[in-house]
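# Structural overview
Read off the chains here:
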Amino acid sequence: QVQLVESGGGLVQPGGSLRLSCAASGSISSFYNWGWYRQAPGKQRELVAAITTTGSTNYADSVKGRFTISRDNVKNTMYLQMNSMRPEDTAVYYCNVRHVLVAKLDYWGQGTQVTVSS
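Read on for a plain summary of the structure. (Residues numbered from 1 in each chain as written. Predicted model: local features only at pLDDT ≥ 70, side-chain atom pairs only at ≥ 80, totals over all residues. Heavy atoms only, no water.)

### Concerning the side chain of Asp89
Within the secondary structure, Asp89 sits in the loop between β8 (77-82) and β9 (91-99). Those residues in contact with Asp89 that lie beyond four places of it in its chain are Arg38, Arg66, Phe67, Val114 and Val116. (Helix = DSSP H or I, 4+ residues; strand = E, 2+ residues; numbered from the N terminus. Contact = heavy atoms within 4.5 Å.)

This is how it looks when you write it as structure tokens:
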């Protein structure tokens, strides 16, 4: 079992920055891909950024050049640095880890609210 705890959400003005963290505990190995998702009111959950077991990253087009995903394998923690934030970035952000071979090993955090507003 894996537990994920997000932190770092809050209120930020347009153009500002926030850094989200996702700390994992439990039986997590290097065979997990990690990702950040977000869900705005009335919209479907969408992938924001992901980082694979090899360290490869990919981003939603809407955040490319503004957000950076990273991972500390020693601390079992993932980060999302969000810069030049926009009101449309407002959402609940969720952390996810998913085993590369075993589909049922798919875990989610509780979510953290990010609000971009002046």
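### Thoughts on the packing of aromatic side chains
Inspection of every chain in the model, using the stated rule, returns one aromatic pair. Looking at Arg19, its charged tip hangs above the ring of Tyr79, at a distance of 4.0 Å from the centre. Taking the ring centre of Tyr94 as reference, the NZ or CZ of Arg45 above it sits at 3.8 Å. (Phe/Tyr/Trp six-rings, centres within 6.5 Å; stacked < 30°, edge-to-face > 60°. Lys NZ or Arg CZ within 6 Å of the ring centre and 35° of its normal.)

### Some points on the nonpolar core
Counting 30 residues, the largest nonpolar core has Trp34, Trp36, Leu80, Met82 and Tyr93 as the members making the most contacts within it. Counting only elements with at least two residues in this core, the list comes to β1 (2-7), β3 (18-26), β4 (32-39), β5 (46-51), β7 (67-72), β8, β9 and β11 (112-116). (Core = buried A, V, L, I, M, F, W, Y, C linked by side-chain atoms within 4.5 Å. Buried < 20%, exposed > 50% of the residue type's maximum accessible area, 1.4 Å probe, protein only.)

### Describing the pairing of β3
With six bridges connecting them, β1 and β3 associate as antiparallel partners. Looking at β3, one finds that Glu6 is bridged to Cys22. As defined by bridge partners, β3 adjoins β8 across six bridges and the pair is classed as antiparallel. Pairing of Leu20 across the sheet is with Leu80, part of β8. (Pairing = 2+ DSSP bridges.)

### Description of the sheet that holds β1
Whether parallel or antiparallel, the strands of a sheet pair through hydrogen bonds between backbone atoms. Spatially, the four strands line up as an open sheet ordered β1-β3-β8-β7, and their pairing is antiparallel. Across the chains shown, the open sheet's two edge strands, defined by having one partner strand only, are β1 and β7. Averaged over all adjacent pairs, the angle separating strand axes in this sheet is 15°, with direction ignored. (Axes fitted to C-alpha atoms, helices over the stretch in contact; angles between N-to-C directions.)

### Remarks on the pattern of salt bridges
Counted under the stated rule, the structure contains five salt bridges. Here Arg38 ties to Glu46 by a salt bridge, and the two come within 2.7 Å at their closest N and O atoms. A relative accessible area of 6% means that Arg38 is categorised as buried. Linking Lys64 and Asp61 is a salt bridge whose minimum nitrogen-to-oxygen distance equals 3.1 Å. Connected through salt bridges with shared partners, the residues Arg38, Glu46, Arg66 and Asp89 form a single ionic network. (Salt bridge = Lys/Arg side-chain N within 4 Å of Asp/Glu carboxyl O.)

### A word on unusual backbone geometry
If you check the backbone angles, Asn76 has positive phi at about 50° while not being a glycine. Its location among the elements puts Asn76 in the loop between β7 and β8. Judged by relative accessible area, Asn76 falls into the partly exposed class, the value being 25%. Positive phi values are uncommon outside glycine, yet Ser84 reaches one of about 45°. Position of Ser84 relative to the elements: it lies in the loop between β8 and β9.

Distances and angles like these do not, on their own, reveal function.
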